[in-house]
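Here's the letter readout for the chains.
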Amino acid sequence: MELADTLVDDFDVVDLFALLVDRSVELLDASAAGVVLPETGGGFRLMASTSEATELVELFQVQNHEGPCLDCYHSGEPVIADDLAAAAERWPRFVPFAVGSGFHAAHVLPLRLRGRILGALNLFGDEPGPLGPADVAAAQALADVATIALLQSSAIPQAHVVADQLEEALQSRVSIEQAKGMLAEQAGVGMSEAFARLRRHARDQRRRLADVAEDVVQGRLSPAQMAPRGRTPSG
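Source: prediction; values computed, not measured.

(A) View of the overall build of the protein chain. Broken down by element type, the protein chain carries 9 helices and 5 strands. When the 235 residues of the protein chain are sorted by exposure, 49% land in the buried category. Nonlocal contacts in the protein chain, meaning residues at least 24 apart in sequence, comprise 60% of its contacts between residues at least 6 apart. Surface summary for the protein chain: the accessible area is close to 10,900 Å², and the carbon and sulfur share equals 51%.

In structure tokens form, the structure reads like this:
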């Protein structure tokens with residue numbers, strides 16, 4: 001499993017969470033996924049998502065302080081909404097937005113570290129319906145492996161060290177989002193494809209996503225250098 005490959009020194013925390021959401025959708029009965037982490041000064045930030053629609057729904061939760069991922073983080077327990085329409089009373093602002101974005105079910109699992117909640121893994125369904133027990137267990141296992149990888153990455157696996165790593169990863173999202181926007185505009189591709197190109201280049205060059213993103217923002221990497229092999233870059 002690729003998530004297990006992160007149990008080595010100097011792995012990329014941002015790429016870890018991107019891999020977590022990608023594999024969750026591939027392996028489980030979910031149409032989209034996202035990871036939300038708390039910020040040091042309060043509030044939350046989206047760390048990874050599988051699509052632009054997912055990103056908007058996750059950001060809506062964060063900005064409006066309402067939704068299943070926030071409930072999961074605060075309670076430390078899974079939050080299951082087999083039919084989001086039936087949960088409109090619980091989340092009166094979030095539900096109409098999520099349903100309007102094409103999501104009709106949400107299953108959220110905590111990222112846990114020795115009783116401490118580091119964040120939440122959100123699985124969305126495009127149809128109402130439960131996530132089977134096997135998928136729930138598998139989703140929690142994926143979340144736990146990602147958390148263990150984060151813990152293992154530090155030579156001294158203490159809470160403050162993990163907090164520093166998460167804070168650094170959260171801050172790196174700023175440059176990554178800037179790079180995504182610039183690459184999408186300059187190469188004439190969608191935001192999801194722009195992020196895919198950033199990740200692919202980072203992996204090919206064995207570099208951190210944040211460092212590659214900074215090169216794009218500063219103009220040291222061009223869209224042509226990021227284009228998939230064998231394809232003529234647009235723009």
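(B) Highlighting the packing of aromatic side chains. Applying the stated rule across the entire model yields 4 aromatic pairs. For the pair F60 and F97, a centre-to-centre distance of 4.3 Å together with 10 degrees between the ring planes defines the contact as stacked. With F60 in helix α2 (residues 52–64) and F97 in helix α4 (residues 94–100), this residue pair connects regions lying 37 residues apart in the sequence. For F97, a relative accessible area of 30% gives the class partly exposed.

(C) View of the side chain of D135. Residue placement: D135 occurs in helix α5 (residues 133–152). Here D135 is buried and forms no salt bridge, its nearest opposite-charge partner R23 lying at an N-O distance of 15 Å. Only 3.0 Å separates the side chain of D135 from the backbone nitrogen of D29, close enough to count as a polar contact. Contacts of D135, omitting those with residues within four sequence positions, involve L27, L28 and D29.

(D) Structural view of the confidence of the model for the protein chain. Averaged over every residue, the pLDDT of the protein chain is 81; the share at 70 or more is 83%. α4 holds the highest mean pLDDT among the elements of the protein chain, 97, whereas helix α6 (residues 159–187) holds the lowest, 70. In the model, residues 3–9 has pLDDT below 50 throughout and makes 13 contacts with residues more than four positions away in sequence or in other chains. Low pLDDT, under 50, characterises residues 154–161; the predicted model gives this stretch 6 contacts beyond four residues in sequence or across chains.

(E) How the structure looks around the pattern of salt bridges. Counted under the stated rule, the structure contains 11 salt bridges. R23 serves as the salt-bridge partner of E26, at 3.0 Å between the closest nitrogen and oxygen. Of the two residues, E26 and R23 are both situated in helix α1 (residues 13–27); the distance of 3 residues between them amounts to about one turn of the helix. Judged by relative accessible area, which is 55%, E26 ranks as exposed.

(F) Examining the side chain of S24 more closely. Within the fold, S24 resides in helix α1. Exposure remark for S24: the relative accessible area of 0% places this residue in the buried category. Among all residues touching S24, those that are not within four sequence positions of it are A33, L121, L123 and L142.

(G) Inspection of unusual backbone geometry at higher detail. Within the chain, H65 stands out as a residue other than glycine whose phi angle is a positive 55 degrees. Along the chain, the position of H65 falls in the loop between α2 and α3 (68–75). Overall, the relative accessible area of 61% leaves H65 in the exposed class.

(H) Up close: the sheet that holds strand β3 (residues 79–81). Ordered by their spatial adjacency, 5 strands build an open sheet running β2-β1-β5-β4-β3, and the pairing between neighbours is antiparallel. Edge positions in the open sheet fall to β2 (44–49) and β3, since each of these has one partner strand only. The average undirected angle you get between the axes of adjacent strands in this sheet is 20 degrees. Sheet topology note: the strand β4 (residues 105–113)/strand β5 (residues 116–125) ladder contains 9 bridges and is antiparallel.

(I) Spotlight on the packing of α1 against helix α7 (residues 191–204). Contact pair α1 / α7: the axes reach a minimum separation of 12 Å and the direction vectors enclose 120 degrees. The angle between the axes of α1 and α7 places the two elements in the oblique class. The element α1 and its partner α7 pack so that their crossing is left-handed. For the pair α1 and α7, contact is made by D15, A18, L19 and D22 and by F195, R199 and R203, respectively.

Calculation criteria
- Residues numbered from 1 in each chain as written.
- Predicted model: local features only at pLDDT ≥ 70, side-chain atom pairs only at ≥ 80, totals over all residues.
- Heavy atoms only, no water.
- Helix = DSSP H or I, 4+ residues; strand = E, 2+ residues; numbered from the N terminus.
- Buried < 20%, exposed > 50% of the residue type's maximum accessible area, 1.4 Å probe, protein only.
- Contact = heavy atoms within 4.5 Å.
- Areas by Shrake-Rupley, 256 points an atom, 1.4 Å probe, with all protein chains shown as cover.
- Phe/Tyr/Trp six-rings, centres within 6.5 Å; stacked < 30°, edge-to-face > 60°.
- Lys, Arg positive; Asp, Glu negative; His and termini not counted.
- Salt bridge = Lys/Arg side-chain N within 4 Å of Asp/Glu carboxyl O.
- Polar contact = N/O pair within 3.5 Å; in protein donor to acceptor, adjacent residues only side chain to side chain.
- pLDDT = per-residue confidence, 0-100.
- Pairing = 2+ DSSP bridges.
- Axes fitted to C-alpha atoms, helices over the stretch in contact; angles between N-to-C directions.
- Parallel < 35°, antiparallel > 145°, perpendicular 65-115°, else oblique.
- Left-handed = near helix turned anticlockwise from the far one by under 90°.

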